[in-house]
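# Residue-level structure breakdown
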Amino acid sequence: MYRRLVSVFCIALVLGFSLALVACGGGKGNKLEIYSWWTAGGEAEGLKALMDVYQKQYPNVKIINATVAGGAGTNAKAVLLTRLTGGKPPDAFQLHAGLEVQKYDPEKYLLPLDDIYKSEGLDKVFPADLLSLLQYKGHYWGIPVNIHRANVMWYNKKLFADNHLQPPATWDDYFKVVKVFKAKKIIPMTIGTKEGWEAGHVFETVLISALGPDAYKGLWTGQLPWTDAKVTNALNLYKKVLADVNTDHAALTWDQALQYLVDNKAAMFVMGDWTNGWFTSKNYDGYGWQCVPGPKVYDGLSDSFALPKGAPDMVNAQNWLKVCASKAGQEAFNPLKGSIPARTDADPSLFNAYLQSAMKDWTSEPIVPSVIHGAAAIEKWVTVYKDIMNTFATKLDVAAAQQALDQAAKDNLAM
Amino acid sequence: MPGRLFFQGGRMKGVTRDRVISLGLVAPSIILVAVFVYGFIGFTGFSSLTRWDSIEPNFAFVAFHNYQRLFSTLPTDRFLCDLRNTVTFTVFFLVGCIVLGFALAVLLDRHVKGEGIFRNIFLFPMAISYIVTGVVWRWMLSPGNAQTGSTGINLLFDKLGLGFLKWGWFTDANVVYIHPDSGFGHLLGSIGLGGLASPYVGISLAMISVVLAATWQMSGYTMAMYLAALRGIPKDMREAARVDGASELQVYLRVIVPMIRPVTLSAIIVLGHISLKIFDLVVSMTGPGPAFATDVPAYYMWDTTFRGNNFASGAAIATLLLLVVALLVIPYLVSTTRGEVHR
């Protein structure tokens, strides 16, 4: 009896192993594996368009679209790291431009892309601020394909027109506008903080506005201490802004809060430019946009592609990166993704009205990296920053928040 | 009676076919449980003592640094808020479910007409996932705002002229606690219990909304447990008590409640470990809440691990969570195994 059991067990074992071997073997050939977390909607369509551009130039290469969905890329990054450390890298993978590259230990796992930057003349078509953001330890590690903007103030055109107001260019104007709306029982600024990160997003834009681009960047590199009086001012300013937001912000996600604006109940809203796509999906066009009050700064985040060491199809992968950097590639990808090209020479007529204005700003305004979206600091720091600002949005305790932000900076810069 | 079989096997000494087969059949699950449950518990405990704070593992030993950080208020007091919320939630949830469940069971035990229908109605919420419960209760309890008017239940209160009952529900960040500067706070301080007068030892009001939703969902289940227990009490016991002159209240207090004590214990264990590990309800209903008024350790663990990539800190929270659940479950396991041996 048990002998039979044992033999059944052995057969099952052998079968299992051979299946696994077949699965691992895969077909060798002329292929290209692209790893990303773009699985849905405009992102997936944009990626497909980019792949089509590649396919036209290299028709014999079989593209494998490897995606891992979920968690704004967190799942994908976890899987990717096991592949990199396990010596089975994809040919190219998605990477947020900026400090995110640090966690992949680039000198050990990635190839620098300086040659591609030189051969494609990329240092002439990307803005200088972006180029310095992309460099880590003196090398380029990623090719940026798109740019999103985080510090956009969206406003309800009808409410502003009805009350004979102009969208505020300075914070003084802002608080004048707020007074008018408050008297009319209109929510001056709508915000939703249910998920915990939105308060941090809005503060980031206030921080940039209050400090200016250089001081803001200095906070994340350790050049400016968080105990500086400028940070106190920024926190006080944010506190003043939060005094007149909708009282139910803790019950709403950002898009639910934005519904107040669509319903003509709220006048202003601060969020990244994916909001534009949200408005489009709601068939709403009564909105206007501008930079958050204060100096004009472009608070950007960017997706890029990186090349791992030991990529199985090196030549194909390098060609892919060249396509990603090319004008044709970026013009195919971005209108669908709802972002602007990192290149400054793309044809604006391919883009909608919002993106056209963003493209203009991209070439003219100073660029800073977004914190809450992972471009300015490592994720561990970002999470703590987000938690501090979530508490601040309720307690409005400037001194406590500043002390906590300072502690977080010390924890993360020391390493 | 597995005990006796084992005893016989022990006396027979030497390897028999039966024993090999039985061991062989159990071995895979023992190995799998050893690796995937206890092995990973051990690995989590080990990770919590390291400096693994990015995607790439870093096993530099930092002793209890991660734990120390969790219990400090800098840079955030999130974990202390979480502990407070968990205690608030567990106490109210247990009391609510057990009182309500017992009351419903007693009512149904009176052989009311249409008992089956009522039983199903009360039990039905348990069949729904916490995600659904959370979304629906969020819609109902969303407070609305001062500028554009109330929504949900607050709107209902307005329409019924009960506006004074309105409040922020799960957006109310207030915590009821003994202020260290109050008279009672000074009194506690003078007898060495000043630690109790702190905002981390208190009742988070926003948590009450979450308790409402969870109690709505789980009290039917408690009812079913109690109903089964009540049905298991022989009729003659109650009658004997009545013949002895006990009032109906006394029958319940002196006879029935003591007899169903084991069920109460089971209910406490089952509900208690649900409440300590609660995650999905909070995610879908409230999120971390204003100043972490509705945050729970499981949510923080997920957030810091998979958003912040701070695996060591997440592992420390997981370890603490396990210890707390163990405090609840182990005494129960010990008492039940002892009970079995006696039988």
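Residues numbered from 1 in each chain as written. Chains lettered and ligands numbered in written order. Predicted model: local features only at pLDDT ≥ 70, side-chain atom pairs only at ≥ 80, totals over all residues.

### A look at the overall build of chain B
To be explicit about the condition: Runs of E in the DSSP output that reach at least two residues are strands. Runs of H or I that reach at least four are helices, and both are numbered from the N terminus. The burial criterion counts other C-beta atoms lying within 10 Å of a residue's C-beta, which is placed from the backbone; the residue is buried at 20 or more, exposed at 12 or fewer, and partly exposed between these limits. By the convention adopted here, residues make contact when the C-beta atoms placed from their backbones lie within 7 Å.
Counting its regular elements, chain B contains 15 helices and four strands. The principal-axis extent of the C-alpha atoms belonging to chain B is close to 80 × 70 × 45 Å. In chain B, which comprises 343 residues, the share counted as buried stands at 35%. Restricting the contact set of chain B to residue pairs at least 6 apart, pairs at least 24 apart contribute 68%.

### Comments concerning the overall build of chain A
Where we set the bar: A radius of gyration in this sense is built from C-alpha atoms; the matching globule rule multiplies 2.2 Å by the number of residues raised to 0.38.
Along chain A, the regular secondary structure elements total 19 helices and twelve strands. For a compact globule of 415 residues, the expected C-alpha radius of gyration is about 22 Å, and chain A comes in at 24 Å, within 12% of that figure. Structurally, chain A occupies a C-alpha span of about 85 × 60 × 45 Å along its principal axes. Taking all 415 residues of chain A together, the buried fraction comes to 49%. Across chain A, the fraction of contacts at a sequence separation of at least 24, relative to all contacts at a separation of at least 6, is 79%.

### A look at the domain arrangement of chain A
Residues and elements named next belong to chain A. We apply this condition: The domain boundaries here were taken from an automatic or database domain assignment.
Here the domain parsing of chain A yields domain 1 (30-148 + 301-356) and domain 2 (152-299 + 370-413). Using only C-alpha atoms to locate each centre, domain 1 and domain 2 end up separated by 29 Å. Of the residues lining the interface, twelve residues belong to domain 1; the matching set on domain 2 comes to 13 residues.

### As for the nonpolar core
To keep it simple, the criterion reads: By convention in this section, buried Ala, Val, Leu, Ile, Met, Phe, Trp, Tyr and Cys residues joined through C-beta atoms within 7 Å make up a nonpolar core.
Counting 187 residues, the largest nonpolar core has Ala92 and Leu321 of chain A together with Val210 of chain B as the members making the most contacts within it. The leading source of residues in this core is helix α9 (residues 205-232) of chain B, at 14 residues. If near-sequence neighbours (up to four positions away) are discounted, Ala92 of chain A is found in contact with Ile34, Tyr35, Phe305, Ala306, Leu307, Ala317, Trp320 and Leu321 of chain A.

### Some details on the domain arrangement of chain B
Taken domain by domain, chain B comprises domain 1 (2-46) and domain 2 (76-295). Summarising the inter-unit geometry, the C-alpha centres of domain 1 of chain B and domain 2 of chain B are found 41 Å apart.

### Remarks on the packing of helix α10 (residues 198-211) of chain A against helix α12 (residues 229-242) of chain A
All names here are of chain A. Heads up, the rule is: Between the N-to-C directions of two axes lies an angle of 0 to 180 degrees, each axis being a line fitted to C-alpha atoms and, for a helix, fitted only over the stretch in contact. Put simply, angles under 35 degrees are roughly parallel, angles over 145 are roughly antiparallel, angles from 65 to 115 are roughly perpendicular, and the rest are oblique. The handedness criterion is simple: a crossing whose near helix is rotated anticlockwise from the far helix by less than a right angle is left-handed, and one whose near helix is rotated clockwise is right-handed. For this classification, Asp, Glu, Lys and Arg are treated as charged, while Ala, Val, Leu, Ile, Met, Phe, Trp, Tyr, Cys and Pro are nonpolar and the rest, including Gly, are polar.
Across the interface, α10 lies against α12 with an axial gap of 9 Å and an inter-helix angle of 130°. Taken together, the axes of α10 and α12 lie oblique to each other. The way α10 lies across α12 gives a crossing that is right-handed. When α10 is examined against α12, the residues Phe203, Val206, Leu207, Ala210 and Leu211 are found in contact with a partner set consisting of Lys230, Asn233, Ala234, Leu237, Tyr238 and Val241. The class makeup of the residues in the contact of α10 with α12 is nine nonpolar, one polar and one charged.

### Concerning the packing of helix α18 (residues 379-395) of chain A against helix α19 (residues 398-413) of chain A
Helix packing geometry: the angle between the two helix axes and the distance between the axes. Residue and element names in this part refer to chain A. As a packed pair, α18 and α19 sit with axes 10 Å apart at the nearest point and diverge in direction by 175°. On the basis of the axis angle, α18 is roughly antiparallel to α19. Packed against α18, whose contacting residues are Lys380, Trp381, Val384, Tyr385, Ile388 and Phe392, the element α19 presents Ala401, Ala404, Leu405, Ala408 and Asn412 at the interface.

### What about the interface of chain B and chain A?
Taken together, the 35 residues of chain B in the interface contact 40 residues of chain A. Listing elements by their share of the side of chain B that touches chain A, those giving two or more residues are α2 (17-47), β1 (144-145) and α14 (297-307) of chain B. Considered class by class, the residues forming the side of chain B that touches chain A number 14 nonpolar, 15 polar and six charged.

### Observations concerning the confidence of the model for chain B
Residue and element names in this part refer to chain B. The test is simple: Confidence of the predictor in every single residue is expressed as pLDDT, which spans 0 to 100.
Here chain B averages 89 in pLDDT, while 95% of its residues score no lower than 70. Taken element by element, the predicted model of chain B shows its lowest mean pLDDT in helix α1 (residues 2-12) (47) and its highest in helix α4 (residues 78-108) (95). Taken as a whole, residues 1-10 scores under 50 in pLDDT and shows one contact with residues more than four places along the chain or in a different chain. Of the two predicted TM-score estimates for the complex, the pTM is 0.85 and the ipTM is 0.84.

### Overview of the pairing of strand β1 (residues 31-36) of chain A
Residue and element names in this part refer to chain A. Worth spelling out the cut-off: A pair of strands counts as paired when DSSP detects no fewer than two bridges linking them. If the strands point away from the viewer and the path from the first strand over the helix to the second runs clockwise, then the crossover is right-handed.
The buried fraction of β1 amounts to five of the six residues, a majority that puts the element mostly inside the structure. Of the strand pairs in this sheet, β1 and strand β2 (residues 62-67) are connected by six bridges, and their pairing is parallel. What sits directly across from Glu33, in β2, is Ile64. This β-α-β element, β1 to helix α2 (residues 41-57) to β2, shows right-handed connectivity.

### Examining the pairing of strand β11 (residues 298-306) of chain A
Residues and elements named next belong to chain A. For β11, a buried count of nine out of nine residues is recorded, marking the element as mostly surrounded by other parts of the structure. Of the two faces of β11, the one holding Tyr298, Gly300, Ser302, Ser304 and Ala306 and the one holding Asp299, Leu301, Asp303 and Phe305 are both buried throughout. Inspection of the sheet shows strand β3 (residues 92-96) paired to β11 by four bridges, in the antiparallel sense. What sits directly across from Leu95, in β11, is Ser304. When β11 meets strand β12 (residues 367-369), the two strands line up parallel, connected through three bridges. By the bridge assignment for β12, Asp299 is matched with Val368.

### Concerning the sheet that holds strand β10 (residues 287-291) of chain A
All names here are of chain A. An order of β8-β9-β7-β10 is seen for the four strands of this open sheet, with the pairing classed as mixed. Strand pairing shows two members of the sheet lacking a second neighbour, β8 (187-190) and β10, which therefore form its edges. Adjacent strand axes in the sheet meet at a mean angle of 20° when their direction is disregarded. Sheet topology places β8 next to strand β9 (residues 266-271); three bridges connect them, and they run parallel. Note on β9: the bridge partner recorded for Met189 is Met268.

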